[in-house]
Amino acid sequence: MTTLLHLSPEVDAALHAGQAVVALESTLITHGLPWPENAATALSMEAVVRESGAVPATIAVLAGRIMVGLSREQIEDLAQRPSGSVRKCSRRDLPIVVARGEDGATTVAGTMIVAHQAGIRVFGTGGIGGVHRGAPFDVSADLLELGRTPVAVVCAGPKAILDLPQTLEVLETHGVPIVGLGTDTLPGFYTRSSGLPIDVRVETPREAAAIIIAAERMNAQHGTLIVVPVPESDASADDIDAAINRAVADAEARGSRGKEVTPFLLQRVAELSGGASLRTNQALLVHNARTAGLIAVELAALSAAAASSR
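So, how was this worked out
- Residues numbered from 1 in each chain as written.
- Predicted model: local features only at pLDDT ≥ 70, side-chain atom pairs only at ≥ 80, totals over all residues.
- Heavy atoms only, no water.
- Salt bridge = Lys/Arg side-chain N within 4 Å of Asp/Glu carboxyl O.
- Buried < 20%, exposed > 50% of the residue type's maximum accessible area, 1.4 Å probe, protein only.
- Core = buried A, V, L, I, M, F, W, Y, C linked by side-chain atoms within 4.5 Å.
- Helix = DSSP H or I, 4+ residues; strand = E, 2+ residues; numbered from the N terminus.
- Contact = heavy atoms within 4.5 Å.
- Axes fitted to C-alpha atoms, helices over the stretch in contact; angles between N-to-C directions.
- Parallel < 35°, antiparallel > 145°, perpendicular 65-115°, else oblique.
- Left-handed = near helix turned anticlockwise from the far one by under 90°.
- Nonpolar A, V, L, I, M, F, W, Y, C, P; charged D, E, K, R; others polar.
- Pairing = 2+ DSSP bridges.
- Arc of directions from axis to C-beta.
- Polar contact = N/O pair within 3.5 Å; in protein donor to acceptor, adjacent residues only side chain to side chain.

S.K.: Looking at this structure, I do not really get the pattern of salt bridges. What am I missing?
M.R.: Oppositely charged side chains are able to pair whenever their charged atoms sit close together. Considering all chains together, one arrives at 17 salt bridges under this definition. Here Arg 87 and Asp 93 are joined by a salt bridge, their closest N and O atoms 3.7 Å apart. Owing to a relative accessible area of 2%, Asp 93 belongs among the buried residues under this scheme. One salt bridge in this structure joins Arg 92 and Asp 93, with 3.9 Å as the shortest N-O distance. One connected set of salt bridges, linked through shared partners, spans Arg 87, Arg 92, Asp 93, Arg 100 and Glu 102.

S.K.: Help me understand the nonpolar core, please; the structure alone is not making it clear to me.
M.R.: What tends to happen in soluble globular proteins is that the nonpolar side chains get buried as a cluster. Membership of the largest hydrophobic core comes to 64 residues, with the highest contact counts inside it found for Tyr 190, Ile 226, Ile 244, Leu 265, Val 269 and Ile 295. A per-element tally of this core places helix H12 (residues 276-308) first, with 11 residues. Apart from the residues lying within four places of it in its own chain, the contact partners of Ile 226 are Ala 152, Val 153, Val 154, Cys 155, Val 179, Leu 181, Ala 208, Ile 212 and Ile 295. Core analysis: the second largest hydrophobic core is formed by 39 residues, Val 11, Val 61, Val 97 and Ile 178 among them.

S.K.: Before we go on, may I ask you to explain unusual backbone geometry in this structure?
M.R.: Glycine aside, the phi torsion of most residues is negative, and most peptide linkages are trans. Residues Trp 35 and Pro 36 are joined by a peptide bond in cis, for which omega reads 5°. Here Pro 36 shows up in the loop between helix H2 (27-32) and helix H3 (37-51). In this structure, Phe 189 takes a positive phi of about 65° despite not being glycine. By the element assignment, Phe 189 lies in the loop between strand S11 (178-181) and strand S12 (200-202). Owing to a relative accessible area of 1%, Phe 189 belongs among the buried residues under this scheme. A positive phi angle, near 55°, is found at Asn 219, a position not held by glycine. Here Asn 219 lies in the loop between helix H9 (205-217) and strand S13 (224-227). For Asn 219, a relative accessible area of 57% gives the class exposed.

S.K.: Can you walk me through the packing of H9 against H12 in this structure?
M.R.: Any two packed helices are characterised by how steeply their axes cross, that is the angle between the axes, and by the distance between the axes. Between H9 and H12, the least distance of the axes is 8 Å, while the angle of their chain directions is 55°. Taken together, the axes of H9 and H12 are oblique relative to one another. Of the two possible hands of crossing, H9 and H12 adopt the one that is right-handed. Residue-level inspection shows Pro 205, Arg 206, Ala 208, Ala 209, Ala 210, Ile 212, Ile 213 and Arg 217 of H9 in contact with H12, the latter providing Leu 294, Ile 295, Glu 298, Leu 299, Leu 302, Ser 303 and Ala 306. Here the contact of H9 with H12 is built from residues that sort into 11 nonpolar, one polar and three charged.

S.K.: Looking at this model, I keep getting lost on the pairing of strand S10 (residues 152-155). Mind explaining?
M.R.: A regular strand places its side chains so that they alternate between the two faces of the sheet. Of the two faces of S10, both are covered, the one formed by Ala 152 and Val 154 as well as the one formed by Val 153 and Cys 155. With three bridges connecting them, strand S7 (residues 122-124) and S10 associate as parallel partners. The residue of S10 that forms the bridge with Gly 124 is Val 154. Bridge count for S10 against S13 is four bridges, and the pairing is parallel.

S.K.: What should I look at first to understand helix H8 (residues 164-173) in this one?
M.R.: Residue pairs spaced three or four apart in an α-helix point in one direction, given the helix's 3.6 residues per turn. Listed as buried for H8 are Leu 164, Thr 167, Leu 168, Val 170 and Leu 171. Taken end-on, H8 shows its buried residues confined to a sector of 160°, consistent with a single buried face. Every exposed residue of H8 that faces more than 90 degrees away from the buried side is listed here: Glu 172 and Thr 173. As for H8, its buried residues are in contact with strand S8 (131-132), strand S9 (135-139), helix H7 (141-146), S11 and S13. Where H8 begins, the side chain of Asp 163 points an oxygen toward the backbone nitrogen of Gln 166, at a separation of 3.1 Å. Directly beyond the C-terminal end of H8, a positive phi value near 70° is found at Gly 175.

Put into structure tokens, the structure is as follows:
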């Protein structure tokens, strides 16, 4: 698959030099946020990755070409595409868009696959998919990908619209370690804590990077989930659960299924919360991208130190 990847010159040079690189997804641009917030947030994520000392690599498929590292113009173009004109790409979708020369926005799973093939070890995103409420057989491909693709995913936990206890059970089944950066519990995505315990707490990006390196040295064939609470000043009020419950009921009433469920729920929660959830979502996306950059920098430094000591 590596021959199908088109790396930007900046990303290619950084990877060859052993520098820190952070993968970023593109579904948030085409499906997760409205215009113009989608473009502004994606560009802010790239900016904070650079500020942390790493190189951002936003991933998407353009005219059948798997792009690793987008230009500002490409991000803004994707952000203004009409609804439904860009395919949401998980594992099953990538060969379809490549073969048909289509445009595709990568999900968490799709971004992990491409990042791993490109040699990118850290990926920053908002939240992962999981087990849907009231539908225990509706399990996001993100969870399966975390169980078989060795990329570290930095996020604010599974999206709060999901069944969080069931999602943790699936992650445990697939052997995915959940590392809390500054937290003992799973973040609640919009809120700082769900109250659910996780595997281990670390206090610094360097400690998180050390766990990633240990997994790599063990040749672990799974990802590492690094969860980071949304900054306190940006967290939504505790009554966000009422909006989520109402949104889930609305999705069931309209018969939403498959890929359309998550975008509908996020949009509906934003409407019901008066835009508060949207503002929180933007803030945590940028915060997670910055954190991913800091972890990637520490990971590159630890790898360089290990190589020099051999």
